[in-house]
Amino acid sequence: MRKVGSRAEDLVQRVLTRVGLSHSESRIAADAQTYWASAGSASWKANSHWRDAHVFDDGDLWHEIGKRHLDMFERGARAVGFDRPLGRVVEWGCGGGANAVHFAPKAREFVGVDVVPETLAECARQVAARGGTPFTPVLAEVAHPERVVAEIGTCDLFLCFYLFELIPTPEYGERLLRIASRVLAPGGLALIQVKYHEGDFWSRPRRRGYRTSVAGMTTYSVPEFWQLVADSGLRPEGVTLVPENELDRRYAYFLVSKGERP
Ligand SMILES: C[S@@+](CC[C@H](N)C(=O)[O-])C[C@H]1O[C@@H](n2cnc3c(N)ncnc32)[C@H](O)[C@@H]1O
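Residues numbered from 1 in each chain as written. Predicted model: local features only at pLDDT ≥ 70, side-chain atom pairs only at ≥ 80, totals over all residues. Heavy atoms only, no water.

A. Region of interest: the overall build of the protein chain. Regarding its fold elements, the protein chain presents nine helices and seven strands. A compact globule built from 262 residues should have a C-alpha radius of gyration of about 18 Å, and the protein chain, at 18 Å, falls within 12% of that. When the backbone C-alpha atoms are referred to their principal axes, the protein chain occupies close to 50 × 40 × 35 Å. Considering the protein chain as a whole, with its 262 residues, one finds that 53% of them fall into the buried category. Carbon and sulfur atoms provide 53% of the accessible area of the protein chain, an area that totals close to 11,700 Å². In the protein chain, which carries 33 positive and 33 negative side-chain charges, the distance between the mean positions of the two groups comes to 2 Å. (Helix = DSSP H or I, 4+ residues; strand = E, 2+ residues; numbered from the N terminus. Rg over C-alpha atoms; globule rule 2.2 N^0.38 Å. Buried < 20%, exposed > 50% of the residue type's maximum accessible area, 1.4 Å probe, protein only. Areas by Shrake-Rupley, 256 points an atom, 1.4 Å probe, with all protein chains shown as cover. Lys, Arg positive; Asp, Glu negative; His and termini not counted. Charge placed at Lys NZ, Arg CZ, Asp CG, Glu CD.)

Here is the structure:
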């Protein structure tokens, strides 16, 4: 019944967008900030990928997420000849640390960016429990991601997983790519996951009604995102499609580099 209700809600929101009644990026960003600030409920915890969220009860999917991403990064790095030590690693939207616990032990410093102080604290706890890599929390505001660029400094690897699907709009994603381009050191790499669409009514960007479809807000076609990467001063090196996994459908991972490799 709940599924029927959310499908009906999705239909209404998408029809309203189709007839020109989409919400502005700033309106959606405000809704997103309110949603993520409402820390505590079971679904919020699941959406934030905390280790003890109910979605991860069955088996150790939480660990599997980061392990798969690390494997994918290592395969990609080999393919493009990236073999320098991972000094500083940034994850934008680090959540409860599913990726951090796998990448941090390979790095000199792990920088977690998120919009929720409680989530940054949880990520710090998870990293600390798995070794001594320093964890630097960076608290961003949904509406103003650019404001934390100076605080982040530069990095060798920029990661972004399960985040682009829940940003306000596709245009906001372009802002994040420009941030990645600014913080990545020359020769650095990024691994960025987006949800892709195939042009149909149900999978295109929703552009309104954030709270009722957090992870269904923003999608790109694969060629569109490839071009967006290139337009942001970065170089797309390759893309891996995952049409379905345990959490959702239609994922594309872009391996991206910054400038010439030294
Ligand atoms: C689905 S979790 C993903 C966590 C982690 N990346 C992973 O793969 O397990 C999304 C996280 O992004 C954070 N978030 C939401 N909007 C954000 C934004 N605009 N910028 C940075 N973080 C954001 C949320 O607080 C949440 O912790």
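Having seen it, we continue.
B. Geometry of the sheet that holds strand β3 (residues 135–139). If you trace the seven strands from one edge of the open sheet to the other, you get β3-β2-β1-β4-β5-β7-β6, paired in mixed fashion. Every other strand in the sheet has two partners, leaving β3 and β6 (235–244) as the edge strands with one partner each. Strand-to-strand twist in this sheet, taken as the mean axis angle between neighbours without regard to direction, amounts to 15°. As defined by bridge partners, strand β2 (residues 107–114) adjoins β3 across five bridges and the pair is classed as parallel. What sits directly across from G112, in β3, is P137. Strand contacts of helix α6 (residues 117–128): β2 and β3, with the helix running at about 170° to β3, the strand carrying the most contacts. Across the sheet, helix α9 (residues 222–231) is in contact with β5 (184–195), β6 and β7 (249–257); its angle to β6 comes to roughly 150°. (Pairing = 2+ DSSP bridges. Axes fitted to C-alpha atoms, helices over the stretch in contact; angles between N-to-C directions. Contact = heavy atoms within 4.5 Å.)

C. Geometry of the layout of surface pockets. The calculated volume of the largest pocket comes to roughly 1,600 Å³. Secondary-structure elements contributing two or more residues to the lining of the largest pocket are α1 (2–18), α3 (42–47) and β7. Element by element, the count of residues in the lining of the largest pocket is highest for α1, at eight residues. Residue composition of the lining of the largest pocket, grouped by class: twelve nonpolar, twelve polar and 16 charged. Counted as a void, the second largest pocket has a volume near 180 Å³. Around the second largest pocket, the lining is made up of 13 residues, and of these R68, H69, M72, N245 and Y253 lie nearest the centre. With seven residues, helix α4 (residues 61–80) is the largest single contributor of residues to the lining of the second largest pocket. Within the lining of the second largest pocket, the residues separate by chemical class into seven nonpolar, two polar and four charged. (1 Å grid on protein atoms, 1.4 Å probe; cavity = no way out; pocket = protein on both sides within 12 Å on 5 of 7 lines; lining within 4 Å. Points joined across faces, edges and corners; volume = space filled by probe spheres on them. Nonpolar A, V, L, I, M, F, W, Y, C, P; charged D, E, K, R; others polar.)

D. Main features of unusual backbone geometry. Not every positive phi belongs to a glycine, and H49 is a case in point at roughly 55°. Checked against the element boundaries, H49 lands in the loop between α3 and α4. Accessibility expressed as a relative area gives 16% for H49, which makes it buried. Notably, R250 is not glycine yet its phi reads approximately 60°, a positive angle. Structurally, R250 can be placed in strand β7.

E. Spotlight on the site of the ligand. Close contacts around the ligand come from 21 residues, with N47, H49, E91, G93 and D114 the closest. Backbone polar atom of G93 to a nitrogen atom of the ligand: 2.7 Å apart, as the coordinates give it. With respect to the ligand, the side chain of Y172 contributes an N or O atom lying 3.1 Å from a nitrogen atom. Coverage of the ligand by the protein chains reaches 98% of its 600 Å² of free accessible surface. Among the detected pockets, the ligand sits in the largest cavity. Each residue belonging to the shell around the ligand can be placed in one class, and the counts come to twelve nonpolar, seven polar and two charged. (Near = heavy atom within 4 Å. Polar contact = N/O pair within 3.5 Å; in protein donor to acceptor, adjacent residues only side chain to side chain. Sits in = over half its atoms within 2 Å of the grid points.)

F. Layout of the UniProt feature "domain: Methyltransferase" (unreviewed entry) in the protein chain. Taken from the UniProt record, the annotation "domain: Methyltransferase" (unreviewed entry) applies to residues 89–188. The distance separating the terminal C-alpha atoms of residues 89–188 is 10 Å; by composition the span is 34% helix and 28% strand. (UniProt positions renumbered as here; feature names shortened; annotations may be inferred.)

G. Inspection of the side chain of E91 at higher detail. Looking at the element boundaries, E91 is found in strand β1 (residues 86–92). Of the side chains with opposite charge, R130 comes closest to the buried, unpaired E91, at an N-O distance of 13 Å. Only 2.9 Å separates the side chain of E91 from the side chain of N99, close enough to count as a polar contact. Excluding its chain neighbours within four sequence positions, the residues that come into contact with E91 are N99, A100, F110, V111, G112, V113, L159 and F161. (Salt bridge = Lys/Arg side-chain N within 4 Å of Asp/Glu carboxyl O.)

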